[in-house]
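Structural characterization, general
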Amino acid sequence: MNRTRRLARCGFVLCLLPLVALAGADDRYVRIPAGSFATALAYEDLRGPVAIPTFAMMKRPVTNAEFLAFVKHHPTWRRDRAPTVFAGPGYLAHWPQAQGLGSAEQGTQPVTHVTWFAAAAYCEAQGARLPRWVEWEYVAAADATRRDARGDPAWRERILRWYARSSSQALPRAGAQQPNAYGVADVHGVVWEWTEDFSALLVSADNREQGDPDRARFCGAGALSIDDRENYAVLMRVAMLSSLQARDVTMNLGFRCVKDAR
């Protein structure tokens, strides 16, 4: 694990902002019941279904307007002030101003061009965190009526058709899609999403050096870490996330937060 990521995991990122929760955020979350889940990833130290404790997840991705409110409360995360170690080139580049959106419509769209560090800080500021991969995968396996639709070829095909669309198209309003069986919208078909443990999703047996700069090798090894080879949608997401560093941004990568059950 590199020094930057160690600092972030130790809470250094949060030294940049006070732990102030954003008001009125609880109604954006929905309770996700506990369950047993067969993840598509193959872990050497894990065999069989994973026990998922109860948690709460945001019903939709974080919007530009919500992230702008966070930036105004914590100006250290403005694009013109954020330390380059936490915000690489392109951070919030789609905003016309450091603290201003282009239109009311943009405010309703999912925020993108946001780094893992900034996403984690946003969630932490409201007493939440980024979802772990298995939590995200657990929720993402559902369709509108079933909690696990992964065995349905038509469901998989709909997701793959979204992947085939051009990423240059304008994003829709966050939450506009029909929620799945858990009450969570936009898991598929809008933006990719950061997870808390994105950097640990793929491990190649031939890659014995931490911090290997050959990111393409991780992507090429993706199939080695997928138990369900038919679930190409999962493979594509895992490979994409594994190719990133925590300070990277893309035009179609956003996030949502989760909260542990109390």
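Residues numbered from 1 in each chain as written. Predicted model: local features only at pLDDT ≥ 70, side-chain atom pairs only at ≥ 80, totals over all residues. Heavy atoms only, no water.

Next up on the list: the confidence of the model for the protein. Overall, the prediction assigns the protein a mean pLDDT of 82, with 76% of residues at 70 or greater. Residue range residues 1-25 is modelled with pLDDT below 50. Its contacts to residues more than four positions away, or to other chains, number 48 contacts. For residues 203-224, every residue scores under 50 in pLDDT, and the model assigns this stretch 20 contacts once sequence neighbours within four places are set aside. (pLDDT = per-residue confidence, 0-100. Contact = heavy atoms within 4.5 Å.)

Moving on, we come to the state of the cysteines. Inspection of the entire model under this criterion finds 1 disulfide. Covalently, C123 is tied to C257 through a disulfide, its sulfur atoms 2.1 Å apart. Across the disulfide from C123 to C257, rotation about the S-S bond amounts to roughly -85°, and the bridge is consequently left-handed. Highlighted residues: C123 in helix α4 (residues 116-125) and C257 in the loop between β6 (253-254) and β7 (258-260), separated in sequence by 134 residues. Residue C257 is classed as buried on the basis of its relative accessible area of 0%. (Disulfide = S-S within 2.5 Å. Helix = DSSP H or I, 4+ residues; strand = E, 2+ residues; numbered from the N terminus. Buried < 20%, exposed > 50% of the residue type's maximum accessible area, 1.4 Å probe, protein only.)

A few words now on the pattern of salt bridges. Across all of its chains, the model carries 12 salt bridges by this definition. Its salt-bridge partner being D260, residue R129 comes within 2.6 Å of it at the nearest N-O pair. Placement of the pair is R129 in the loop between α4 and α5 (133-140) and D260 in strand β7, with a sequence separation of 131 residues. Using a relative accessible area of 9% as the deciding quantity, one classes R129 as buried. Ionic pairing is found between E196 and R132, a salt bridge with its closest N-O pair at 3.5 Å. In this pair, E196 is assigned in the loop between β5 (192-193) and α7 (215-220) and R132 in the loop between α4 and α5, connecting sequence segments 64 residues apart. By relative accessible area, E196 is classed as partly exposed at 25%. By relative accessible area, which is 34% here, R132 ends up partly exposed. (Salt bridge = Lys/Arg side-chain N within 4 Å of Asp/Glu carboxyl O.)

Attention now goes to the sheet that holds β7. Read from one edge of the open sheet, 3 strands run β1-β4-β7, paired in antiparallel fashion. The open sheet has two edge strands, β1 (29-32) and β7, and neither has a second partner. Pairwise comparison of adjacent strand axes, ignoring direction, gives a mean angle of 25° for this sheet. In terms of strand pairing, β1 meets strand β4 (residues 55-58) through 4 bridges, oriented antiparallel. Each residue of the ladder has a partner; that of I32, found in β4, is F55. With respect to the sheet, α5 is in contact with β1, β4 and β7, its orientation differing from that of β4 by roughly 70°. (Pairing = 2+ DSSP bridges. Axes fitted to C-alpha atoms, helices over the stretch in contact; angles between N-to-C directions.)

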